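# Overview (structure and organization)
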Amino acid sequence: MNLKQENLYNELISKYNFNDKQKTLIYYGLYDELNVNWYAKPYFTWKQMEQIKLGLKEKLNVSIYAKSEFYSPQMIQIRKGLERELDVSWYAKPEFNEYQMEQIYLGLRDRLDISYYAKPEFSWKQMAKIRKGLEKDLDVSYYADLIFNQDKMSEILYGLEKGLDVSIYAKPEFDTEQMRIIRYGIEDGIDPTLYANPEFNADQMEEIRLGIRNGIDVSIYLNPSINWEEMERIREELERNK
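Now for a quick tour of the structure. (Residues numbered from 1 in each chain as written. Predicted model: local features only at pLDDT ≥ 70, side-chain atom pairs only at ≥ 80, totals over all residues. Heavy atoms only, no water.)

## Considerations on helix α7 (residues 150–161)
Put simply, the rule is: Counting from the N terminus, the helices are DSSP H or I runs at least four residues long and the strands are E runs at least two residues long. Any helix carries an expected span of 1.5 Å times its number of residues minus one. Exposed residues in this analysis have more than 50% of their type's maximum accessible area, buried residues have under 20%, and partly exposed residues fall in between, with area computed by a 1.4 Å probe over protein chains only. We call two residues contacting when some pair of their heavy atoms lies within 4.5 Å. Polar contacts, as used here, are pairs of N or O atoms within 3.5 Å; protein pairs need one atom able to donate a hydrogen and one able to accept it. Residues neighboring in sequence count only if both atoms are side-chain atoms.
Helix length check: α7, at 12 residues, gives a terminal C-alpha distance of 16 Å against a target of 16 Å (1.5 Å per residue), a fit within 8%. When we look at burial in α7, the residues that qualify are K152, M153, E155, I156, L157, G159 and L160. On the buried face of α7, the contacting elements are α6 (124–135) and α8 (176–188). Capping the start of α7, N149 holds a side-chain oxygen 3.0 Å from the backbone nitrogen of D151, two or three residues further along.

## Details of the side chain of R79
Tracing the backbone through its elements, the reader meets R79 in helix α4 (residues 72–83). Residue contacts for R79: discarding those within four places in its chain leaves Q51, L54, G55, E58, L60 and Y65.

## A word on the packing of aromatic side chains
So the rule is basically this: Here a pair means two rings of Phe, Tyr or Trp (six-membered ring of Trp) with centres within 6.5 Å. Their orientation is stacked below 30 degrees between planes, edge-to-face above 60, and tilted elsewhere.
Under the counting rule described, the total for this entry stands at six aromatic pairs. Measuring from ring centre to ring centre gives 5.5 Å for Y16 and F18, while their planes differ by 65°; the resulting arrangement is edge-to-face. On the accessibility criterion, Y16 (26% relative accessible area) is partly exposed. Connected via pairs of aromatic rings, a cluster forms that spans Y9, Y27, Y28 and Y31.

## Focus: helix α2 (residues 20–31)
With 12 residues, α2 should reach 16 Å at 1.5 Å per residue; the first-to-last C-alpha distance of 16 Å fits that figure. For α2, the N-terminal cap is N19; the gap from its side-chain oxygen to the backbone nitrogen of K21 is 3.1 Å. At the C-terminal side of α2, E33 shows a positive phi close to 60°.

## Section: the environment of S14
By the secondary structure assignment, S14 is in helix α1 (residues 3–15). Among the polar contacts listed, one links the side chain of S14 to the backbone oxygen of N10, at a separation of 2.9 Å.

## Some points on the pattern of salt bridges
Going by this rule: What counts as a salt bridge is simple: a side-chain nitrogen of Lys or Arg found within 4 Å of a carboxyl oxygen of Asp or Glu.
What the rule picks out here adds up to 18 salt bridges. Note that K57 is salt-bridged to D32, the shortest N-O span being 3.5 Å. Taken together, the residues span a long stretch of sequence, with K57 in helix α3 (residues 46–57) and D32 in the loop between α2 and α3 at a distance of 25 residues. Given the relative accessible area of 28%, D32 is considered partly exposed. A salt bridge links R235 to E207; the nearest nitrogen and oxygen atoms lie 2.6 Å apart. Of this pair, R235 sits in helix α10 (residues 228–240) while E207 sits in helix α9 (residues 202–213), and the two are 28 residues apart along the sequence. Exposure class is identical for R235 and E207. Each is buried. Connected through salt bridges with shared partners, the residues E155, E177, R180, R183 and E187 form a single ionic network.

Interpretation in functional terms is not warranted from these geometric data alone.
Put into structure tokens, the structure is as follows:
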């Protein structure tokens, strides 16, 4: 370092109680002729400082993330987006955690319509399900909704991937297991509308589905007041006597 840089370094470390890692980052930032004023601040951890230093070295607009409200993992995701010249304004917000930021970053990188899921209310796992659907050019409007948790989203996504009519079960009144049994029926090529009723629990639905698939008259036990064990007994008896 030249004399001016050494004086600035000494001034900074005497002014603030930096730890050794922070001092090292300031020292090498000055050595690389970077504007260390962006990160030579006591409220930044050394990991935050490191991300700002990397951005400065890459000549990125660090003003977007050189803020104490961003944790270092969040800074990483924003820096990655800036490196690819992406519109990081979609996710450079402290209300997104690093995992949510990553999902939005990946969508931007792949030129997907991230407006479907770039919302802090979605968990990163929900975002991932929506992103996967967009990657496969599927109609994610069936499930890109906060009323569906990640497991329900998975069932709807799986149906879309199989080319099924998911409108039969892409409804918030069905739980994940109910959705799965309805999907099984569609995959079997049978009409699941007989049991696609939230009054039937998943076990009851399964007994009705099996009965329809096996060609018996399920109307005998098509009643939500009959528990699934009794349905099973009736179904097996009907199958034996068929």
